[in-house]
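One-letter residues, chain by chain:
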Amino acid sequence: MQPAFFIQLFENSLKVAWEHDNPPALPSGCAIPAEDIDIVRTALISHPKFVTADHELLRAINSCEALHLRAITPADAIALAQDK
């Protein structure tokens with residue numbers, strides 16, 4: 001897997017954190033679609049809210065408590081951003 005780059009915006013958009021380590025493996029028992037495994041593994045590093053329009057992926061992420069991730073739809077992400 002290629003190095004993952006994460007931009008973390010903590011009140012200053014100039015702050016950037018680069019992660020070069022391999023992301024952790026998926027916990028056993030998580031039924032993530034094969035084409036999405038790399039991006040889900042990458043998300044395990046920073047535990048963001050995972051925004052996806054792919055309902056299969058959304059259900060897979062939210063069904064696996066061992067991931068400690070929460071997947072939301074783009075509409076939910078927009079509503080969440082407007083509330084902040």
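Residues numbered from 1 in each chain as written. Predicted model: local features only at pLDDT ≥ 70, side-chain atom pairs only at ≥ 80, totals over all residues. Heavy atoms only, no water.

### Structural notes on the overall build of the protein
Right, on to step 1. Counting its regular elements, the protein contains 3 helices and 4 strands.
Right, on to step 2. Counting helices and strands in the order they occur from the N terminus, the protein gives β-β-α-β-α-β-α.
Right, on to step 3. Residues counted as buried form 30% of the 84 residues belonging to the protein.
Right, on to step 4. Nonlocal contacts in the protein, meaning residues at least 24 apart in sequence, comprise 27% of its contacts between residues at least 6 apart.
Right, on to step 5. Accessible area for the protein stands at about 6,000 Å²; split by element, carbon and sulfur atoms hold 54% of it. (Helix = DSSP H or I, 4+ residues; strand = E, 2+ residues; numbered from the N terminus. Buried < 20%, exposed > 50% of the residue type's maximum accessible area, 1.4 Å probe, protein only. Contact = heavy atoms within 4.5 Å. Areas by Shrake-Rupley, 256 points an atom, 1.4 Å probe, with all protein chains shown as cover.)

### Some words on helix α1 (residues 37–46)
Right, on to step 1. Three or more residues of α1 are buried, namely V40, R41, T42, A43 and L44.
Right, on to step 2. Immediately downstream of α1, the backbone of H47 shows phi near 50°, a positive value.

### Notes on unusual backbone geometry
Right, on to step 1. Phi at H47 is positive, roughly 50°, even though this residue is not glycine.
Right, on to step 2. Note that H47 resides in the loop between α1 and β3 (49–51).
Right, on to step 3. Residues other than glycine seldom take positive phi values, yet H68 does so here, at roughly 60°.
Right, on to step 4. Relative to the assigned elements, H68 resides in the loop between α2 (55–63) and β4 (70–72).
Right, on to step 5. Judged by its relative accessible area of 61%, H68 falls in the exposed class.

### Focus: α2
One turn of the α-helix equals 3.6 residues, which is why residues spaced by three or four share an orientation.
Right, on to step 1. Of the positions making up α2, those classed as buried are L57, L58, A60 and I61. Around the axis of α2, the buried residues are gathered within 165° of arc, so they sit on the same side. Turned more than 90 degrees from where α2 packs its buried face, R59 and S63 sit exposed.
Right, on to step 2. Buried positions along α2 lie against α1, β3 and β4.
Right, on to step 3. For α2, the N-terminal capping position is held by D54, with its side-chain oxygen 3.0 Å away from the main-chain nitrogen of E56. (Arc of directions from axis to C-beta. Polar contact = N/O pair within 3.5 Å; in protein donor to acceptor, adjacent residues only side chain to side chain.)

### Considerations on the confidence of the model for the protein
Right, on to step 1. The predicted model of the protein averages 80 in pLDDT, with 75% of residues at 70 or higher.
Right, on to step 2. By mean pLDDT, strand β1 (residues 4–6) is the weakest element of the protein at 37, and α2 is the strongest at 96.
Right, on to step 3. Note that pLDDT drops below 50 for residues 1–13; the model gives that stretch 25 contacts with residues more than four away or on any other chain. (pLDDT = per-residue confidence, 0-100.)

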